[in-house]
Amino acid sequence: MARPDVSAVISLLRSYNALVVHFSGTPKGAGYNKYPFPDDLNNVLNMGALNGLACSVVMPGDNFYGNTRNAIGSIGVVLGFQEPGSIVNACRGDCGSGADENDNRDANPVENISIDELEDTIANRKIESHNEWVVKNQEIIGIFAAVPLEISIFDYPDFPDDMPESLKEKTWLNKSIGWSELRETFPKSRIFSFSQNGLVELNNNMEFVPISHADVY
């Protein structure tokens, strides 16, 4: 299985000021009900998802809102790579990956991926849509967030008092949170975002500080 060296992948990402992020989906995709926010991202932060994660490669200027967004969410975990084989598959659009009952991600893994093919998924990403990299045995770098800071949570509608519990189905509700709540939710993690000109990091004084790509990867 041929893959570019990790250093070559980082150089590619740096040329676009891009980050590889596993997002907390809004709305949640099938198979994610056991991990509502923030449990889903904490599971990743605690190295509980080494069998594979669906990610998007995002960069300054991307859209994180509405039907033309460039990722399936707006809050996620920035991932690195332990080895070349950490990249299982990469697509301009959705690879159609899915997780089995053991959280192994079936991503139709390809035998070989070149650095040019990886760049193609970024430079020629589907218009008004997201690309997908499937990553396993990943390194954890921090949290990424962008406006509208939207999450999906369980919503429990009002049911009649005499309705059996077995018939009471919870649903997903999307809502936005603030930067302070995000910091409180992930107090031990670095928090990154995009400015108009590049990368920024939220410091402990709740101020956004410009950083270089090398400060992340």
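Residues numbered from 1 in each chain as written. Predicted model: local features only at pLDDT ≥ 70, side-chain atom pairs only at ≥ 80, totals over all residues. Heavy atoms only, no water.

S.K.: Explanation requested: the overall build of the protein chain in the structure shown.
M.R.: The helix and strand inventory of the protein chain stands at four helices and 13 strands. When the 217 residues of the protein chain are sorted by exposure, 45% land in the buried category. For the protein chain, the share of sequence-separated contacts (at least 6 apart) that also reach a separation of at least 24 residues comes to 76%. Summing over all exposed atoms, the protein chain offers an accessible surface of approximately 11,000 Å²; the carbon and sulfur share of this is 46%. (Helix = DSSP H or I, 4+ residues; strand = E, 2+ residues; numbered from the N terminus. Buried < 20%, exposed > 50% of the residue type's maximum accessible area, 1.4 Å probe, protein only. Contact = heavy atoms within 4.5 Å. Areas by Shrake-Rupley, 256 points an atom, 1.4 Å probe, with all protein chains shown as cover.)

S.K.: Got a minute to help me understand helix 1 (residues 6-16) in this structure?
M.R.: Count 3.6 residues to each turn of an α-helix, and residues three or four apart come out pointing the same way. Of the residues making up helix 1, those classed as buried are Val9, Ile10, Leu12 and Leu13. Down the axis of helix 1, the sector holding all buried residues measures 155 degrees, keeping them to one side. Across helix 1 from its buried face, at more than 90 degrees, point the exposed residues Ser7 and Ser15. On its buried face, helix 1 sits against strand 1 (19-23), strand 2 (53-58), strand 3 (75-81), strand 4 (87-91), helix 3 (115-123) and strand 7 (132-135). (Arc of directions from axis to C-beta.)

S.K.: Would you mind showing me how to read helix 3 here?
M.R.: Three or more residues of helix 3 are buried, namely Leu118, Thr121 and Ile122. Down the axis of helix 3, the buried set is contained in an arc of 100 degrees. They therefore lie on one face. Those residues of helix 3 that are buried lie in contact with helix 1, strand 2, strand 4 and strand 7.

S.K.: Please explain the state of the cysteines as it appears in this structure.
M.R.: The bond known as a disulfide is covalent and runs between the sulfur atoms of two cysteines. Applying the stated criterion across every chain, the model contains one disulfide. Note that Cys91 is cross-linked by a disulfide to Cys95, the S-S spacing being 2.1 Å. Between Cys91 and Cys95, the S-S dihedral sits near 115 degrees, and the bridge is therefore right-handed. Given the relative accessible area of 10%, Cys95 is considered buried. (Disulfide = S-S within 2.5 Å.)

S.K.: Quick question: what am I supposed to make of the pattern of salt bridges here?
M.R.: Once the charged atoms of two side chains with opposite charge are near each other, the side chains can pair. Counted according to the given criterion, the structure contains three salt bridges. Between Asp62 and Arg125 there is a salt bridge whose closest N-O contact spans 2.8 Å. Separated by 63 residues along the polypeptide, Asp62 in the loop between strand 2 and strand 3 and Arg125 in the loop between helix 3 and strand 7 bring together distant segments of the chain. For the pair formed by Asp62 and Arg125, the shared burial category is buried. A salt bridge links Arg190 to Glu201, with the nearest nitrogen and oxygen atoms 2.8 Å apart. Taken together, the residues span a long stretch of sequence, with Arg190 in the loop between helix 4 (179-185) and strand 11 (191-194) and Glu201 in strand 12 (residues 199-202) at a distance of 11 residues. Judged by relative accessible area, which is 32%, Arg190 ranks as partly exposed. The class of Glu201 is buried, set by a relative accessible area of 17%. (Salt bridge = Lys/Arg side-chain N within 4 Å of Asp/Glu carboxyl O.)

S.K.: Explain the pairing of strand 13 (residues 208-211) here, please?
M.R.: If a strand is regular, its side chains alternate between the two faces of the sheet. Sheet topology note: the strand 12/strand 13 ladder contains four bridges and is antiparallel. Its bridge partner being in strand 13, Glu201 is matched across the sheet by Val209. Taking the residues that link successive antiparallel strands as the turn, the strand 12-strand 13 hairpin has five residues, and the phi of Met206 there is positive, at about 60 degrees. (Pairing = 2+ DSSP bridges.)

S.K.: Sorry if this is basic, but what is going on with the packing of aromatic side chains here?
M.R.: Aromatic rings in a pair are described by how distant their centres are and how their planes are angled relative to each other. On inspection of all chains with the given rule, the structure shows eight aromatic pairs. Arranged with centres 5.5 Å apart and planes meeting at 45 degrees, the rings of Phe64 and Phe144 form a pair that is tilted. Of this pair, Phe64 sits in the loop between strand 2 and strand 3 while Phe144 is found in strand 8 (residues 138-145), placing the two residues 80 residues apart along the sequence. This pair shows no difference in class: Phe64 is buried, exactly as Phe144 is. On the numbers, 6.5 Å between centres and 40 degrees between planes, the contact of Phe64 with Phe194 is tilted. Here Phe64, found in the loop between strand 2 and strand 3, pairs with Phe194, found in strand 11; they are 130 residues apart in sequence, far enough to count as distant. Here the two residues Phe64 and Phe194 agree in accessibility, since each one is buried. (Phe/Tyr/Trp six-rings, centres within 6.5 Å; stacked < 30°, edge-to-face > 60°.)

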